[in-house]
Amino acid sequence: MGTTQDLHPEAVVFRYSSMTSVLAVRHNSWLVFFIGTGDGQLIKLAVDKAYKPACPRVLYNSDDDRRVFPKMHLDPVDRKHVYMALRNQMVRVPVAQCSEHKSLKDCWSAQDPFCGWCESRCSFQGDCLQPSAWISISEDSQQQNMVSYQVEKSSSGERITLTVKVHLNVNGTGSLTFTCNFFNKRGDLCDRTSPAPAFPQCSCLFSSDQLPAEGLNVTVKIRVGKQNLAEKLMLTNCSDISGPPTSALCSQCMSAGCSWSNDVCSWTTRSANSEPIQDVCRLSQSGLNYSEPVIFSIEPSVLSFHGRNHALMNGENLDHVTKVRIQGHMNCSLKESPVWNHTGSSLTFHIPSGDKGSVSVCAVLPDGRCLGKATVTYGSSPSCTGLTPSTTWASGKRKIKVHGSHLEFVEEVVHDHAPQTIQTKYSSGTLWYHTPPFEHINQPVTSTVSLRVANQTLACSSQLTYHPDPEFTSYTAIKTGNDMRVTIEKRADKLNITTEEILVFGVQEENHDVECVMDTIETSNETDSVICEIKNTPNFNINSLRIRVGNFTKILLPKQAAPSLLIILVLIPIIIVVIVGAVLYSYNKQRKMAAQMNKQLDQLECDIRNDIRQGFVDMQTEKCDLIENVGAIPFLDYKHFASRIFFPDGGPVMTSCIKDIGQDAVKVQPDESCQALSRLIRDQVFLTSFVHALEEQKNFNVKEKCAVASLLTVSLHGDLPYLTQVMEELLRALMEQPSNSQPKLMLRRTESIVEKLLTNWMSICLYGFLRESVGQPLFLLVCALTQQMSKGPVDSVTEKALYTLNEDWLLWQAQDFSPMRLQVLFAVGTDGEVSEPLEVSALDCDTVEQVKEKILLAFKTKFGFPYNTPLRQMHIEYEKDGRFVPLKEVDASSGVLGEVTMLNTLKHYKVPDGASIKVLSKTHPSLSPQSSLKDDQNYSTKYFHLIDPDIDQDQKKNPERKKLKLKEVYLTKLLSTKVAVHSFVENLFRTIWGTPNLKTPPAIKYFFDFLDAQGESKRINDSDVLHIWKTNSLPLRFWVNILKNPQFVFDMEKTPPLDGCLSVIAQAFMDSFSLAEKQLGKHDPTNKLLYAKDISQYKQEVRAYYKQVRDQPPISSSEFKEFLHKESKKHENEFNESAALRELYKYMQLYFDEIKLKLDQNGAPVELKEQLQHVKSLFDSLKSCSWN
């Protein structure tokens, strides 16, 4: 055995106390490390070929201390992202943010090996197309400037050489253009003996006479490829830079292109090194007599990565310190903070934000030196998860305990209703504070609590509820020996006050106070009893109590004692007089009440008359002024349309059957087992036997039948003529079944495999007609309905609308509303710039969330593409008196009825017509992200909008919300909505049953002829039966599904009120195909009555349509096969046939014996049964892992 050889590192490039994972990537000459840490950071470290590291950068920083798991992976596709795992989280982090840099200088200053300048943008090298040059940082990681220079004086002293070097690296094809031009105020500076430029440097020779004593301004224009650079230099006589050898003088010398050696500035020699300025000048001594500062401690020395205000440095000789310098790893990310409150032994400064980990701190003197050494450690961000107690009284000063993590880093607390910050106390792991007052409240109000850390505001996940101050009503005092027991009565509330929070003092006449020691608090439904004792005061009598709860103070008088007999005798005649007076007063009051009730009834009658008149006006003046053109229609591609028809419930089977976009053009060869099964199902005897065997099983339910039909559709999608042939055979068999003795009921439902096959077949064959003809009128109808609903109020909680076609979704409780036009400004960048105003129509009763939705819709309608920020990350503000006021769904000013909170509206915020609204993204630095109120499971019971909760309230507070509303008065809104969209409905219907050029889609003509032939073969003479078969096959099976589910066709979301309208239209559509003639009356549902007069006309058009289809010349078998072949070819490779075959085999395996028995009954040849056994053997031989 050989001896073990010790391994030594080539170089130590980075130290960190808690590295948990490392991923190394080679990029050109750089080695880039991605380092995961135990405190939840992802650090990027680039190392050059000489093993010199660049400054590390933090790419990801978790708020808490979750460690990064050991394995990290670079994205194998674009190599631009790193996948890292933390507890309960997988994160995809970009390796660089090249596109953020807008100039060559910014791109270079990022010092990122992944980023380079290409033409006019900063990009990854792979995104820079040839022959463009990709200009990146040089292979030397230590350069501070993109262009550096040196001045050198010849030995004779007559000539000066100015050498300029660009620290760039250029990748690209073809020869590189590199030129330099040197100018002073007289013109060209260089003489003709100057050497030609050679990338990356160029030189300029000129006479020393041209360098005056005050210095020489030189402009250098450099061209690298297509990029132009300009540098202004100030050349100085190196010998003139003199003085005490300080680091500042050294920096001045080096910056002028001179050489610093032995504490003296001199001309550069050819042998001079090119070390960075900070390395050369670091050791220079100060010529000024400052006492060296010494740092003993920094308080706090551990803080969150947000930083800390008002940190304290303790030490000695701190008098002359001008700044505090904070330096990260390898002296990178240097930051400086001013200081104040010098005492010589201490000073105050701010600690700026930083990355997690330890950094060094030193004190900067006026001569530039930084002396003294201390360490500060950045930790995670504090988080607030709860507050105890969760309630407080209006006067404030209740002690609240904050729950969460890293709370020792919190500096202050802020309430959203109070502008001032509140000091906190932290001890023994507990953070607490006293609540501020909330003035002028008479009902519960919530207040959002946030933590202040440095300059960051972090919201708590729970809110604090303010209740009115406690109400103490009276007290009784009972002597018990030398002690006095005091019982104080208090109205029951939800404050849950404890004995520690109440201070009680007994008060004598001469203002002598004695404390009443708290004993207990007894609670009940209506009145609480607060019990305390005044001890060892035998001769002490109290006249009143002074009760203090936080900032609330109450002087309480005792309960009045029972009156004496004499007082009672005196009071009797007074009581009689009062009773007589009360009777007279009551009589007069009843007269006034009767008059008032008559007045209210008159007002009520007037309100109802106005509502009816307004409904009549709406009906008579409603115009079809809705959209006529919607631009590009967002059609779903074929495979996503078809998959939603095949698998309406979604799920993993649907996902596995759809190929990714990148797979569409690639034909994947199925494995041997799938190929064998594919050949087997292409035998018609087997496939019909397979279907019948499955359907004969009692435990084979409808859902499984639909799944098998769709799997067969996917598996045979490439051979539609064969699929059509099988479907016809199965339909004939279905018609022969004894259960179908009632021919009018056939194909009415989807209860067999062949009926689902027919649905899928219609969807495949009619997709072209749907896309080319029906798609536009359907989309216009959906847009028209959406616009019409938005013209009136929509309740945000129940989603009922004033303008609808469906009585079940009618918002008949709506209050008065006014239309508004808002001028919406979109924030651009982070410096306060805004876009040109966009006019958006809204209603004053719209909630903040509804306003956001209308802004997004208006943006998409105008520009043709969606706004780049989703609704949940949007934040809107309203301009009031020159400042912007945030608009929120719920805040401290929201109305509350009982326990239910009203959502804020534009009317609530008193936003006027024509107001300016600014849109911000919640990724904006000043905003913190919030979840939507609709995420709350109890959203519909905790909040209300336009429909009041069922709670008694004082009508005087909000009389307009208590007006009597009758649902029947608002039924006219259904009719006005119908009028508005009627032309769109008729256009859609007539496009569906129209026959352009007297020719219907081939599939409809072929299948209707097939049904006619079946009726003839079965000698069915009743034309109504054939009409019903055709209706059940096409409109009921296909068109109604499309009408009710436009999201199957378009990339859109279907809202509940839109679904309600579409259901009414779909019902009218199906009634047009009905043969029944029913006389409707006033007791029939409005959904039927709305289109009752139109149905008779539609029925005539439908009969004419069926007749036109029947009268058309028949389509030949060969023509229809050619049509089916084209459809198969058109959508080739869009489905994962192998996945569908594997799912299909699961059913074959489950009913294998039954399928074999059915083949025997049908007299199948032996070869077919052997083929079935062969398929089973192939699938059985697969390992279990291959199924995943």
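Residues numbered from 1 in each chain as written. Predicted model: local features only at pLDDT ≥ 70, side-chain atom pairs only at ≥ 80, totals over all residues. Heavy atoms only, no water.

Notes on the overall build of the chain
Then, in step 1: Scanning the chain from terminus to terminus reveals 24 helices and 55 strands.
Then, in step 2: A buried classification covers 46% of the 1188 residues belonging to the chain.
Then, in step 3: A separation threshold of at least 6 residues defines the contact pool for the chain, and within that pool the share at least 24 residues apart is 65%.
Then, in step 4: Carbon and sulfur atoms make up 50% of the accessible area of the chain, which amounts to about 62,200 Å² in all. (Helix = DSSP H or I, 4+ residues; strand = E, 2+ residues; numbered from the N terminus. Buried < 20%, exposed > 50% of the residue type's maximum accessible area, 1.4 Å probe, protein only. Contact = heavy atoms within 4.5 Å. Areas by Shrake-Rupley, 256 points an atom, 1.4 Å probe, with all protein chains shown as cover.)

Things to note about the sheet that holds strand β36 (residues 445–447)
Then, in step 1: Across the sheet, which stays open at both edges, the three strands sit in the order β30-β39-β36 with mixed pairing between neighbours. Looking at the sheet topology across the chains shown, the edges are occupied by β30 (391–393) and β36. Ignoring strand direction, the axes of neighbouring strands in this sheet form an average angle of 35 degrees.
Then, in step 2: Where β30 meets strand β39 (residues 464–467), three bridges bridge the pair, whose relative direction is parallel. Bridged to W393 within β39 is H467. (Pairing = 2+ DSSP bridges. Axes fitted to C-alpha atoms, helices over the stretch in contact; angles between N-to-C directions.)

Some words on the pattern of salt bridges
Then, in step 1: As enumerated under the stated definition, the model contains 38 salt bridges in all.
Then, in step 2: Of the charged contacts in the structure, one is a salt bridge between D719 and R682, with a shortest N-O distance of 4.0 Å. Of this pair, D719 sits in the loop between α9 (702–715) and α10 (720–736) while R682 is found in the loop between α7 (672–681) and α8 (684–695), placing the two residues 37 residues apart along the sequence.
Then, in step 3: With relative accessibility at 31%, the residue R682 sits in the partly exposed group.
Then, in step 4: The partner of E839 in a salt bridge is R821, and the shortest N-O contact between them spans 3.2 Å. Of this pair, E839 sits in strand β49 (residues 838–843) while R821 sits in strand β47 (residues 819–828), placing them 18 residues apart in sequence.
Then, in step 5: Here R821 falls in the partly exposed class, since its relative accessible area comes to 43%.
Then, in step 6: Put simply, R485, D519, E533 and K535 are held in one network by salt bridges that share partners. (Salt bridge = Lys/Arg side-chain N within 4 Å of Asp/Glu carboxyl O.)

Some details on the environment of S450
Then, in step 1: For S450, the location among the structural elements is in strand β37 (residues 449–453).
Then, in step 2: Among the residues examined, S450 registers a relative accessible area of 11% and is labelled buried.

What to know about the pairing of strand β50 (residues 874–880)
Then, in step 1: Of all seven residues in β50, five are buried; the element is thus mostly enclosed.
Then, in step 2: Examined bridge by bridge, β50 and strand β54 (residues 916–921) share five bridges and lie antiparallel to one another. Looking at the pairing, E877 lines up with K918 of β54.
Then, in step 3: In this sheet, strand β51 (residues 883–887) lies alongside β50 in antiparallel orientation, the contact comprising five bridges. Across the sheet, residue Y878 finds its bridge partner in β51, namely V885.

Observations regarding the packing of helix α11 (residues 753–790) against helix α21 (residues 1117–1130)
Then, in step 1: Direction vectors running N to C along α11 and α21 enclose 85 degrees, while the axes themselves pass 10 Å from each other. Classified by the angle between their axes, α11 and α21 sit roughly perpendicular to one another. For the pair α11 and α21, the contacting residues are W761, I764 and C765 in the first and F1120, F1123, L1124 and E1127 in the second.
Then, in step 2: Tallied by class, residues from the contact of α11 with α21 come to six nonpolar, no polar and one charged. (Parallel < 35°, antiparallel > 145°, perpendicular 65-115°, else oblique. Nonpolar A, V, L, I, M, F, W, Y, C, P; charged D, E, K, R; others polar.)

Examining the confidence of the model for the chain
Then, in step 1: For the chain, per-residue confidence averages 84 on the pLDDT scale, and 89% of positions sit at 70 or higher.
Then, in step 2: With pLDDT under 50 throughout, residues 661–666 is counted as low confidence; its partners more than four residues away or in other chains account for nine contacts.
Then, in step 3: Every residue in residues 925–929 scores below 50 in pLDDT, and together they form seven contacts with partners more than four places removed in sequence or on other chains. (pLDDT = per-residue confidence, 0-100.)

Points about the sheet that holds strand β11 (residues 147–153)
Then, in step 1: Across the sheet, which stays open at both edges, the three strands sit in the order β11-β12-β16 with antiparallel pairing between neighbours. The strands lining the two open edges of the sheet, one partner per strand, are β11 and β16 (201–207). Within the sheet, the average angular offset between the axes of one strand and its neighbour, ignoring direction, is 20 degrees.
Then, in step 2: In this structure, strand β12 (residues 159–166) lies alongside β16, joined through seven bridges in antiparallel fashion.

Looking at empty space enclosed by the protein
Then, in step 1: A full pass over the atoms with the stated rule returns five cavities of 30 Å³ or more.
Then, in step 2: Reported here for the largest cavity is a volume of approximately 60 Å³.
Then, in step 3: For the lining of the largest cavity, the secondary-structure elements that each account for two or more residues are α8 and α10.
Then, in step 4: Residue composition of the lining of the largest cavity, grouped by class: five nonpolar, three polar and one charged.
Then, in step 5: Lining of the second largest cavity is provided by N28, S29, W30, P113, W134, S136, I137, E139 and N169.
Then, in step 6: Per element, the largest residue contribution to the lining of the second largest cavity is three residues, and it comes from strand β10 (residues 134–137). (1 Å grid on protein atoms, 1.4 Å probe; cavity = no way out; pocket = protein on both sides within 12 Å on 5 of 7 lines; lining within 4 Å. Points joined across faces, edges and corners; volume = space filled by probe spheres on them.)

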